[in-house]
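Structural description and commentary
Residue-level listing of the chains:
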Amino acid sequence: MRHLFIRTLILACCLGITSPASAYREYFTPEQKAQLAKIQTVLVETIALTDKGSVDAGPLTEVATRRLSELGYSVVQDASKPNDVIFRVKCEQRKTWEGTAAAGGDNDLPDAPSRLWKGPACQLTYVLGGMKIKWQKEVRTEFDDAAAAAHTAQAADAGAYAIGKLKEALDKYEFPLFLTAEWGQPDRLLKLLDASDTNHARKVRIISLLGEMQADEALPKLKQILQDRDLAKQSIAAIGNLGKDGIPLLVNIMNSSPQPEVQAAAAKGLGQLGGIHGDASVVPPLLAKLNDPKTDWAVLTEVAWALGKIPDKRSIQPLYDLDKKLQAIRDPDNQALKKLKEAVFWAIKQCDTWDQYS
C-alpha cells in the first residue's frame, strides 16, 4: 500500500492531476453523463442589465443561438418547448458578484468568474434537469469602467455601449466548443474540425479539447492531421492524452520525424501516456532516444521529463551518465542547456526516489 501511495503521489505531481475537460466531470452520475451525451436541443435564456435597468437582450440571444447552431445544436427560446438543457447568458454593465468560488480546477482558468472584476461581464452557465451545474465561464470587456470607455468612444449611453462590447466579446469566445467538450460530445467537434471554413485557431482549440476529453474516437482523425505541418504538434499533444493505442504512433513520430520540435512533442506525449496508464513500455524507446548522440537538446529535455513521469530503475544510470556530461559543460548563457539540466535533475530525483520504494 505504501508503494502504491508513493507512486500515485509522484504521478499526481508530474501530471498536474487532470485538465478541465478531462475532469469531465467526475461529479456527474452515470445517468447525468448519459443525459449530457444526448443533448441536442438547447433552451437559450439571456438577460442584459445596465445601471438603468434591464435592456433588450435580443442581440445576445442571436449570438448564442447562431454560435450553438455551428455545432449542430437545435436552439429554442421558448421555455414551454421541449429541451435537453438550459444555457444561460447574463450580461451586466457592472458585474454583480454572486458568491466566492472555490479555488482550483476551472476556477483558476483565465475565463473563470473573477471576484475582483467589477466592470462589464457576461456570466455563462447551464442547467441540466433543473440542477445548476458548477460549470461557469465569464466573458469580460477590455475596460472596467463603462462610463469612461463610452466617453472616450463618444458613445451617448454607457450601458448600451458596454452591452454592445460584451456582445462582440461573446461572438469571439469559444463557449460552444467548451460546452460540447463539457457535455462529452466529440463527434460534433470532429465534424467542425473537418469543415472547410473552420479557421486555424479554431482547429487548434478543437484538437486541444479532444485531447483533454481523452476522446479515443478522435485518434484516427488526429493521425490524419499529423500530415498537416501547422497542426502536427497540437495533434501529437492531443494523442498524448488518449489511450495506450497512441504509444506506437508516438514512438514512430519521435524516431522518424525530421523536425526536432515534432520529436519533442512526441516524447512529451509518451511521458503523458506512460504516466497516465502506468505503462513502462514507453521507457525503452525513450532511453534509446536519450542515448542517441544525434538527439537535439530540446528533444532530450522532453525525453528527460517523460522518463521522470514513468519512474523506472532502468532510467537511473542513463540519466546519471547524461547528467555527468552536462555538468562538464560550462555555458551559463545557454538557456537550452539550462532547461536540459533541470529536466535531467528532476527525472533523476523521480526515478531514484521510486527505486528506493519499489
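Before going into details, it helps to say that this report is about the structure given with it. (Residues numbered from 1 in each chain as written. Predicted model: local features only at pLDDT ≥ 70, side-chain atom pairs only at ≥ 80, totals over all residues. Heavy atoms only, no water.)

Attention now goes to the packing of helix H8 (residues 200-212) against helix H10 (residues 232-239). Two elements in contact, H8 and H10, have axes separated by 7 Å at closest approach and are oriented at 15°. Classified by the angle between their axes, H8 and H10 sit roughly parallel to one another. In the packing of H8 onto H10, the handedness of the crossing is right-handed. Contacts between H8 and H10 pair Val204, Ile207 and Gly211 from the former with Gln234, Ser235 and Ala238 from the latter. A class-by-class count of the residues in the contact of H8 with H10 yields three nonpolar, three polar and no charged. (Axes fitted to C-alpha atoms, helices over the stretch in contact; angles between N-to-C directions. Helix = DSSP H or I, 4+ residues; strand = E, 2+ residues; numbered from the N terminus. Parallel < 35°, antiparallel > 145°, perpendicular 65-115°, else oblique. Left-handed = near helix turned anticlockwise from the far one by under 90°. Contact = heavy atoms within 4.5 Å. Nonpolar A, V, L, I, M, F, W, Y, C, P; charged D, E, K, R; others polar.)

A few words now on the nonpolar core. Within soluble globular proteins, side chains that are nonpolar tend to cluster in buried spots. Counting residues in each nonpolar core, the largest one holds 91 residues, and the members touching the most others are Phe87, Leu124, Tyr126 and Leu286. Apart from the residues lying within four places of it in its own chain, the contact partners of Leu124 are Phe87, Arg88, Val89, Trp135, Gln136, Lys137, Val139, Leu170, Tyr173 and Phe175. In this structure, Phe143, Ala146, Ala149 and Tyr161 belong to the second largest nonpolar core, which totals seven residues. (Core = buried A, V, L, I, M, F, W, Y, C linked by side-chain atoms within 4.5 Å. Buried < 20%, exposed > 50% of the residue type's maximum accessible area, 1.4 Å probe, protein only.)

The next point concerns the pairing of strand S6 (residues 131-140). Note that strand S5 (residues 121-128) and S6 share seven bridges and pair antiparallel. Across the sheet, the residue bridging to Cys122 is Val139, located in S6. Connecting the antiparallel pair S5 and S6 is a turn made up of two residues, with Gly129 showing a positive phi of about 60°. (Pairing = 2+ DSSP bridges.)

Now for the packing of helix H13 (residues 283-291) against helix H15 (residues 316-327). Helix-helix packing: each pair is described by the crossing angle between the helix axes and the interaxial distance. Here H13 crosses H15 at 20°, and the two axes come no closer than 11 Å. Relative to H15, the element H13 is oriented roughly parallel. Our pair here, H13 against H15, has a crossing hand that is left-handed. Residues Leu287, Leu290 and Asn291 of H13 form the contact with H15, whose own contacting residues are Pro318, Leu319 and Leu322.

Our focus in this paragraph is the packing of aromatic side chains. For the structure on display, the rule yields seven aromatic pairs. Ring centres 5.8 Å apart and planes at 55° place the aromatic pair Tyr126 and Trp135 in the tilted group. Residue Tyr126 shares its accessibility class with Trp135, and that shared class is buried. Feature note: the residues Tyr73, Tyr126, Trp135 and Trp183 constitute an aromatic cluster, connected by ring pairs. Lys137 extends its terminal NZ or CZ atom over the ring of Phe178, reaching a point 5.6 Å from the ring centre. One residue, Arg188, lies across the ring of Tyr73, its end atom 4.0 Å from the ring centre. (Phe/Tyr/Trp six-rings, centres within 6.5 Å; stacked < 30°, edge-to-face > 60°. Lys NZ or Arg CZ within 6 Å of the ring centre and 35° of its normal.)

Further remarks concern a negative patch on the surface. A surface patch of negative charge is lined by Asp187, Asp216, Glu217 and Asp245. Relative to the helices and strands, Asp187 resides in helix H7 (residues 186-194). (Patch = residues over 30% accessible without salt bridge, like charges linked within 9 Å, V, L, I, M, F, W, Y side chains within 5 Å. Areas by Shrake-Rupley, 256 points an atom, 1.4 Å probe, with all protein chains shown as cover. Salt bridge = Lys/Arg side-chain N within 4 Å of Asp/Glu carboxyl O. Lys, Arg positive; Asp, Glu negative; His and termini not counted. Charge placed at Lys NZ, Arg CZ, Asp CG, Glu CD.)

What follows covers the side chain of Glu182. You can see Glu182 is positioned in helix H6 (residues 175-182). Reaching out from Glu182, the side chain makes a polar contact with the side chain of Tyr126 at a distance of 2.5 Å. (Polar contact = N/O pair within 3.5 Å; in protein donor to acceptor, adjacent residues only side chain to side chain.)

Here we take up H7. Owing to its 3.6 residues per turn, the α-helix aligns residues three or four sequence positions apart on the same side. Regarding H7, the residues found buried are Pro186, Arg188, Leu189, Leu190, Leu192 and Leu193. Where H7 is buried, its residues meet H6, H8 and helix H9 (219-225).

Right, let's get into unusual backbone geometry. The residue Gln154 is not glycine, and still its phi comes out positive at about 60°. Here Gln154 lies in the loop between helix H4 (146-152) and helix H5 (158-172). The exposed category is assigned to Gln154, whose relative accessible area is 76%. For Gln214, which is not a glycine, the phi torsion comes out positive at approximately 55°. Mapping Gln214 onto the fold places it in the loop between H8 and H9.

This brings us to the pairing of S5. Within S5, eight of the eight residues are buried, which leaves it mostly tucked inside the rest of the structure. A two-sided burial pattern is seen for S5, the buried positions comprising Ala121, Gln123, Thr125 and Val127 on one face and Cys122, Leu124, Tyr126 and Leu128 on the other. Alignment of strand S4 (residues 85-92) against S5, held across seven bridges, turns out to be antiparallel. Bridged to Ile86 within S5 is Val127.

Now for the pattern of salt bridges. Pairing between side chains becomes possible if they bear opposite charge and their charged atoms approach one another. The full count for this structure, using the stated rule, is 15 salt bridges. A salt bridge links Arg94 to Asp51; its shortest N-O distance comes to 2.7 Å. Of the two residues, Arg94 is situated in the loop between S4 and S5 and Asp51 in the loop between strand S1 (41-50) and strand S2 (53-55); the sequence distance between them amounts to 43 residues. Each of Arg67, Glu70, Glu174 and Arg202 takes part in a single network of salt bridges with overlapping partners.

Bear in mind that shape data such as this cannot, by itself, settle questions of function.
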